[in-house]
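Secondary and tertiary structure notes
Here are the chains, one letter per residue:
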Amino acid sequence: MSGPIIVTLCILLLIAYVFDLTSARTKIPSVILLLLLGWIVRQISVLLRIPIPDLTPLLPILGSVGLVLIVLEGALELELDESKASVLKKSFIVSFIPIIVFAFLVAYIFHYVERVPFKNCLASVIPFSVISSAIAIPTVKYLAASNREFVVYESSFSDILGVVFFNFVAFNTNFGVHSFGIFVLQLIVVTVISFIATIGLSILLNKIDHHIKFAPIVLLVILIYEVSKAYNLPALIFILSFGIFLGNLDELKRFKWIQKLHPQELDKEAHKFKEIVVEATFLIRALFFLLFGYLIETAEILNTETLVWAVGIVAAIFLIRAAVLKLVKVPISPLLFIAPRGLVTILLFFSIPAAQKIPMVNRSLVIQVIILSVLVMMFAMMSIKKEPVIVEAEEKPE
């Protein structure tokens, strides 16, 4: 039985690789094709009556690992210097304001219509406010450098802020001085953990001379993330910090204490580590969306009861986004349309405490919002002329 499963997985992942290769020409996001492929596999398995166990429990596991790797991959791409201050500030604002405005606006509408506690509505709609870096970052890799950079910053911030906001709302029974005090304490704790763990992992990356050295680092990163998350700490801050640190050793080596880490040797290892992360991210992301597509029921896509709400939510996403982009004086096109919902939306939806779930927010609504937001991005990208991509020459090692 294991033989056919392995063959099927290999074929599906190779097809996913083809989707990734051709996405630049077709301008069809690979996630749409992966979801469709997963759904087709489901129909074939039902038609041929192939017994397949319930794979739903695997989705949050793949999602959590995928989120860590995707944010880490994005962070390794980011460059920090004085010239980046403006894009950092603008991308933070464009990620933060829409999350807050959208969440409170839609939560109030649901609260008014459903007559359920506002807190429950807020916890249920926050997942829809988060941009999926798993979809956004791969989509913009062929755009101009300035747009790529903005999307990487913005979607990474969106993931972190969305998860932090969700945890604060979902896992606090009331909001007062005590709750905000605990939240500030959590930020301080995760900042300290991030600093210590980043230095420790960097030393290990530089010192391990065994032929297997990157796998333990990746496993430790995931372990620290999961342990921090278990204590409701904003663990993605650690992932972002670690990635930015390794990706900016050239900028940081002017500090004396960095010299103790031998930045030149560490930088070489960091480049190899980045290659491993990119490869692993592709595999986990492909498996996640293939599995999610497989688990989609056709009736959930065609559910007319939630479709009107899904269209309204997607419209609100882009209207709020357009206003904020105009506010911070960022070019509307093509950034307006790069706001897909995906992996984080699914993870947070599954994380909503049972007592706080509302009938309006169900699997159908989540699936429809994800598909509609990605389709908007896809058609917009198809209508945009290819931007010139400037490839910077790599510095030769001294």
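Refer to the structure above for everything that follows.
Please read all numbers here as calculations on a predicted model, not as lab measurements.

**Observations regarding the pattern of salt bridges**
- Counting across every chain of the model gives 6 salt bridges.
- A salt bridge links glutamate 226 to lysine 229, with the shortest nitrogen-to-oxygen separation between them at 3.6 Å. Of this pair, glutamate 226 and lysine 229 both sit in helix H9 (residues 214-230), 3 residues apart, which is roughly one turn of the helix.
- Judged by its relative accessible area of 30%, glutamate 226 falls in the partly exposed class.
- In this structure, lysine 272 and glutamate 269 form a salt bridge, with 4.0 Å as the shortest nitrogen-oxygen distance. A residue pair is termed a helical-turn pair when its members lie 3 or 4 positions apart in one helix, as lysine 272 and glutamate 269 do in helix H13 (residues 263-295) at 3 residues.
- Accessibility expressed as a relative area gives 43% for lysine 272, which makes it partly exposed.
- On the basis of relative accessible area, glutamate 269 is assigned to the buried category, the value being 14%.

**Some remarks on a nonpolar patch on the surface**
- On the surface, a nonpolar cluster with roughly 650 Å² of combined accessible area is contributed by Leu36, Ile40, Ile44, Leu47, Leu48, Ile50 and Ile52.
- Its place among the elements puts isoleucine 52 in the loop between helix H2 (30-47) and helix H3 (58-77).

**Considering the environment of leucine 205**
- Summarising the element assignment, leucine 205 is placed in helix H8 (residues 177-207).
- Here leucine 205 falls in the buried class, since its relative accessible area comes to 0%.
- Each C-alpha atom of the pair leucine 205 and arginine 115 lies 54 Å from the other, and the pair is 90 residues apart in sequence.
- With near-sequence residues (within four places) excluded, leucine 205 lies in contact with Lys213, Phe214, Ile217, Leu246, Leu266, Glu269, Ala270 and Phe273.

**Things to note about helix H15 (residues 304-327)**
- In this model, H15 (24 residues) spans 35 Å end to end at C-alpha, consistent with the 34 Å of a helix rising 1.5 Å per residue.
- Structurally, H15 contributes buried residues whose contacts are with helix H4 (85-114), helix H7 (145-170) and helix H17 (363-383).
- The N-cap residue of H15 is asparagine 303: its side-chain oxygen and the backbone nitrogen of glutamate 305 are 3.0 Å apart.

**Observations regarding the packing of aromatic side chains**
- Overall, the coordinates contain 15 aromatic pairs when judged by the stated rule.
- Residues phenylalanine 288 and phenylalanine 289 carry aromatic rings whose centres are separated by 5.1 Å and whose planes lie at 85° to one another, so their mutual orientation is edge-to-face.
- Accessibility expressed as a relative area gives 0% for phenylalanine 288, which makes it buried.
- Residue classification places phenylalanine 289 among the buried residues on the basis of a relative accessible area of 1%.
- A network of ring pairs unites the aromatic residues Phe92, Phe96, Tyr153 and Phe157 as a single cluster.
- If you follow arginine 42 out to its NZ or CZ, it ends over the ring of tyrosine 294, 5.3 Å from the centre.

**A look at the packing of H9 against H13**
- For the pair H9 and H13, interaxial distance at closest approach is 10 Å and the crossing angle is 70°. Here H9 lies roughly perpendicular to H13, going by the angle between them. For the pair formed by H9 and H13, the contact residues are Phe214, Ile217 and Val218 on the first element and Glu269, Lys272, Phe273 and Ile276 on the second.
- Looking at side-chain class alone, the contact of H9 with H13 contains 5 nonpolar, no polar and 2 charged residues.

**Notes on the nonpolar core**
- Counting 128 residues, the largest nonpolar core has Phe110, Ile239, Phe242, Phe273 and Phe289 as the members making the most contacts within it.
- Sort the elements by how many residues they give to this core and H13 lands first, with 14 residues.

**Quick word on the side chain of serine 202**
- Looking at the element boundaries, serine 202 is found in helix H8.
- Discounting residues that sit within four places of it in the chain, serine 202 has contacts with Phe242, Phe245, Leu246 and Leu266.

**Observations regarding the packing of helix H16 (residues 343-351) against H17**
- Here H16 crosses H17 at 165°, and the two axes come no closer than 11 Å. The orientation of H16 relative to H17 falls into the category roughly antiparallel. With respect to the hand of their crossing, H16 and H17 are arranged in right-handed fashion. Residue-level inspection shows Thr345, Ile346, Phe349 and Phe350 of H16 in contact with H17, the latter providing Arg363, Val366 and Ile370.
- Here the contact of H16 with H17 is composed, by residue class, of 5 nonpolar, 1 polar and 1 charged.

**Some points on H2**
- Here H2 spans 25 Å end to end across 18 residues, near enough to the 26 Å set by a 1.5 Å rise per residue.
- Looking only at H2, the buried set comprises Ser30, Val31, Ile32, Leu33, Leu34, Leu35, Leu37, Gly38, Arg42 and Ser45.
- Two residues or fewer after H2 comes arginine 49, characterised by a positive phi angle close to 55°.

**Some points on the environment of leucine 76**
- Following the sequence through the fold, leucine 76 ends up in helix H3.
- Note: C-alpha distance between leucine 76 and serine 228 (152 residues apart in sequence) is 21 Å.
- Residues contacting leucine 76, with those up to four places away along its chain left out, are Gly243, Leu246, Gly247, Phe273, Lys274 and Val277.

The rules behind each value
Residues numbered from 1 in each chain as written. Predicted model: local features only at pLDDT ≥ 70, side-chain atom pairs only at ≥ 80, totals over all residues. Heavy atoms only, no water. Salt bridge = Lys/Arg side-chain N within 4 Å of Asp/Glu carboxyl O. Helix = DSSP H or I, 4+ residues; strand = E, 2+ residues; numbered from the N terminus. Buried < 20%, exposed > 50% of the residue type's maximum accessible area, 1.4 Å probe, protein only. Patch = residues over 30% accessible without salt bridge, like charges linked within 9 Å, V, L, I, M, F, W, Y side chains within 5 Å. Areas by Shrake-Rupley, 256 points an atom, 1.4 Å probe, with all protein chains shown as cover. Contact = heavy atoms within 4.5 Å. Expected span 1.5 Å × (residues − 1). Polar contact = N/O pair within 3.5 Å; in protein donor to acceptor, adjacent residues only side chain to side chain. Phe/Tyr/Trp six-rings, centres within 6.5 Å; stacked < 30°, edge-to-face > 60°. Lys NZ or Arg CZ within 6 Å of the ring centre and 35° of its normal. Axes fitted to C-alpha atoms, helices over the stretch in contact; angles between N-to-C directions. Parallel < 35°, antiparallel > 145°, perpendicular 65-115°, else oblique. Nonpolar A, V, L, I, M, F, W, Y, C, P; charged D, E, K, R; others polar. Core = buried A, V, L, I, M, F, W, Y, C linked by side-chain atoms within 4.5 Å. Left-handed = near helix turned anticlockwise from the far one by under 90°.

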